[in-house]
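So you can see what is in the structure, the chains are spelled out below.
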Protein chains: 2
Amino acid sequence: MGGDYAPAAIVEGVVDAIKELDVNVVLIGLQDQVEAQLQKYSYPPERLSVMHAPEVISMHEAATISVRKKRHSSITLGVKLLKEPGFDAFISAGNTGAVVAASTVHLGMLPGVERPGIGLLIPQLNGFSFIIDVGANSEAKAKHLLQSSLMAVVYVREVLGVQNPRVGILNIGEEESKGNDFVKETHRMMAARLANFVGNIEANDIFSGRCDCIICDGFTGNIVIKVSEHLMESAGTLIKREIKKSKIAQLGAFLMRNQLKQVLRHADYSEYGGAPLLGVNGLVMISHGRSNPKAIKNAIRATLREIEHNIISTMIKEISSK
Amino acid sequence: MGGDYAPAAIVEGVVDAIKELDVNVVLIGLQDQVEAQLQKYSYPPERLSVMHAPEVISMHEAATISVRKKRHSSITLGVKLLKEPGFDAFISAGNTGAVVAASTVHLGMLPGVERPGIGLLIPQLNGFSFIIDVGANSEAKAKHLLQSSLMAVVYVREVLGVQNPRVGILNIGEEESKGNDFVKETHRMMAARLANFVGNIEANDIFSGRCDCIICDGFTGNIVIKVSEHLMESAGTLIKREIKKSKIAQLGAFLMRNQLKQVLRHADYSEYGGAPLLGVNGLVMISHGRSNPKAIKNAIRATLREIEHNIISTMIKEISSK
């Protein structure tokens, strides 16, 4: 029921996924609505079932209150399913705060991890970087960022196949003396514990590929991804406005259309699936609120890689061993 | 002596400015180097003089230490000149931290203002917004942000001519319940004191024109402007890379060149001059480290508007009256 185009886009993406990928899915939500959408498609019925969730948490409800009050929402029921045998992961494009709160309450945290963090793949000119946290923990302490960085290393190594991931902390200058006390303390803790710590990186290194794991608090990370998303949209609007003024420019844009599409595709979040919620004791994937069917299918694909690589048990091992 | 292209770009910009604008300039720096540059140009000599500053603070020196040790740097001498009669403003493209530190120490703060803030004009689809702080105070308290917002209102009203500037605080959600404790406290203080407070704005509103003054701490603001700057550069690199792959796309880009230039011009900081350092008792303008001659000339132009509108005395009046 979550996301701006739910349930239609979610159902379509799930149907595509079960046809294409080796996965079984339970759709959780208002049964009537979900089944009405399902009737549009043909699909292998043994791979799909529907679970009724009578309550819906809307996109702008206060997270902790809604999770406490709506015990029969699709978010709460879905998170709780992870404690049943046979369920490997939960995916939601719904209220992010509610997913974080429900996961923390019902799954608990990994040993040695005190706060959850949302990670996100950022496309680089070549390859990807992984930024964490983009919004779960806006009141972070230095030790939370250290814990997130240990999880990020496992994620990037296992899921992206990068052998010895480079870790940087997002700061407003490269020198160790730069930034506020919070970042300086985090820097010290990470330098003492991480094998491949590159130190401070500035915001202009977020897209440079200089490091594999970019660590920041949830407030800063959320600002980073929203600025990025909206700036690209604004630039697009501005370019379109200028092009409309000239027939010749319109022809130029037409001739460039395949290249422009390729660039947009590179920057399109729906190509890369969702954002893993790390730190809770279960695989939870948060999809963009604007998720289209492709984004949902790719979120399922990304989640299958997490399952394959057993990232939860690897994280537990590595965090406790250090 | 400050900035990546100093002294050549600074001197060229100043020469252009004194020919075009009603302004007299003292160039402060290593006299030999500055005069060697000046020999390239003809200009009205009565409008320009050179003051020798035997020391140079480099771009990456620790700010407070360098200001304390190098008492004869162009930054320190320039800031101190503002206390002499006949000098209205100081402009530097040098080490930002050193300019902030020297200004704070030698000019002191405005009554009722405890910390300086660097403001910046952000081009919108239509018009401008003013964001403060983009890097002076990375350890901000709520009251500092309130003080910055009072200054921002004066700046935007006087310099941009916006009658009743709308003020928003940058947060990770629009609802009052969103964000960390620091932002919530700032929100309360601003709501109690500002005439036209629009509340929380999200990062996607930075470019939407939804408010005239965007208030945030210096850490967050610095991340915002650096992400914006670098993302545009990365997108440009990506587009060029794609276009190179096809002759037809190259022709398309050629036909669109005027429109693309117009878009780049809209996003080009050098069109809008420098970033005012607000809160200190004197007009100080910080130019981008990469300032070209046009950026320097436009920084002088922007500074003349500040002088014309007496923003310092208006700020003193309004902050103390409330």
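Coordinates for the structure precede this section.
Residues numbered from 1 in each chain as written. Chains lettered and ligands numbered in written order. Predicted model: local features only at pLDDT ≥ 70, side-chain atom pairs only at ≥ 80, totals over all residues. Heavy atoms only, no water.

In this structure, what is going on with the relation of the copies chain A and chain B? I would like to understand it.
The pair of chain copies shares a relation made of a rotation about an axis and a shift along it. For these two chains of identical sequence, chain A goes onto chain B by a turn of 180° and a shift of 0.1 Å along the axis, with RMSD 0.0 Å. In short, the pair behaves as if placed about a two-fold rotation axis. Using C-alpha coordinates, one finds that chain A approaches the rotation axis most closely at Gly-252 of chain A, a distance of 1.7 Å. Both copies contact each other with a shared surface, as 100% of the interface residues of chain A are interface residues in chain B too. (Least-squares fit on C-alpha atoms with pLDDT ≥ 70 in both. Contact = heavy atoms within 4.5 Å.)

I tried to follow a positive patch on the surface on my own but got confused; where do I start?
Residues and elements named next belong to chain A. Taken together, Arg-68, Lys-69, Arg-71, Lys-80 and Lys-83 make up a surface patch of like positive charges. You can see Arg-68 is positioned in helix 3 (residues 63-69). For Arg-68, a relative accessible area of 55% gives the class exposed. (Patch = residues over 30% accessible without salt bridge, like charges linked within 9 Å, V, L, I, M, F, W, Y side chains within 5 Å. Areas by Shrake-Rupley, 256 points an atom, 1.4 Å probe, with all protein chains shown as cover. Salt bridge = Lys/Arg side-chain N within 4 Å of Asp/Glu carboxyl O. Lys, Arg positive; Asp, Glu negative; His and termini not counted. Charge placed at Lys NZ, Arg CZ, Asp CG, Glu CD. Helix = DSSP H or I, 4+ residues; strand = E, 2+ residues; numbered from the N terminus. Buried < 20%, exposed > 50% of the residue type's maximum accessible area, 1.4 Å probe, protein only.)

In this structure, what is going on with the sheet that holds strand 10 (residues 283-286) of chain A? I would like to understand it.
Two pairing modes exist for strands in a sheet, parallel and antiparallel, and in both the strands are linked by backbone hydrogen bonds. All names here are of chain A. The eight strands are arranged 3-10-9-4-5-8-6-7 in an open sheet whose pairing can be described as mixed. Each edge of the open sheet carries a strand with a single partner, namely strand 3 (89-92) and strand 7 (197-201). Across the sheet, the mean angle separating the axes of adjacent strands is 25° when strand polarity is ignored. Pairing of strand 9 (residues 275-278) with strand 10 involves three bridges; the strand directions are antiparallel. The partner of Leu-277 across the bridge, within strand 10, is Val-284. (Pairing = 2+ DSSP bridges. Axes fitted to C-alpha atoms, helices over the stretch in contact; angles between N-to-C directions.)

What's the story with the packing of helix 6 (residues 142-160) of chain A against helix 12 (residues 311-321) of chain A in this structure? I'm lost.
To characterise two packed helices, one gives the angle between the axes of the helices and the distance between these axes. All names here are of chain A. Taken N-terminus to C-terminus, the directions of helix 6 and helix 12 make an angle of 135°; their axes are 10 Å apart at the nearest point. Considering the angle they form, helix 6 stands oblique to helix 12. Handedness of the helix 6/helix 12 crossing: right-handed. Of the residues in helix 12, those in contact with Leu-150, Met-151, Val-154, Tyr-155, Arg-157, Glu-158 and Val-159 of helix 6 are Ile-311, Thr-314, Met-315, Glu-318 and Ile-319. Tallied by class, the residues present in the contact of helix 6 with helix 12 amount to eight nonpolar, one polar and three charged. (Parallel < 35°, antiparallel > 145°, perpendicular 65-115°, else oblique. Left-handed = near helix turned anticlockwise from the far one by under 90°. Nonpolar A, V, L, I, M, F, W, Y, C, P; charged D, E, K, R; others polar.)

Teacher, can you tell me more about the packing of helix 4 (residues 74-81) of chain A against helix 5 (residues 96-107) of chain A here?
All names here are of chain A. The interhelical angle for the contact between helix 4 and helix 5, taken along N-to-C directions, is 40°, at an axis separation of 9 Å. Classified by the angle their axes make, helix 4 and helix 5 are oblique. For the crossing formed where helix 4 meets helix 5, the hand is right-handed. Side by side, helix 4 and helix 5 meet where Ile-75, Thr-76, Val-79 and Lys-80 of the first sit next to Ala-98, Val-99, Ala-102, Ser-103, His-106 and Leu-107 of the second. Looking at side-chain class alone, the contact of helix 4 with helix 5 contains six nonpolar, three polar and one charged residues.

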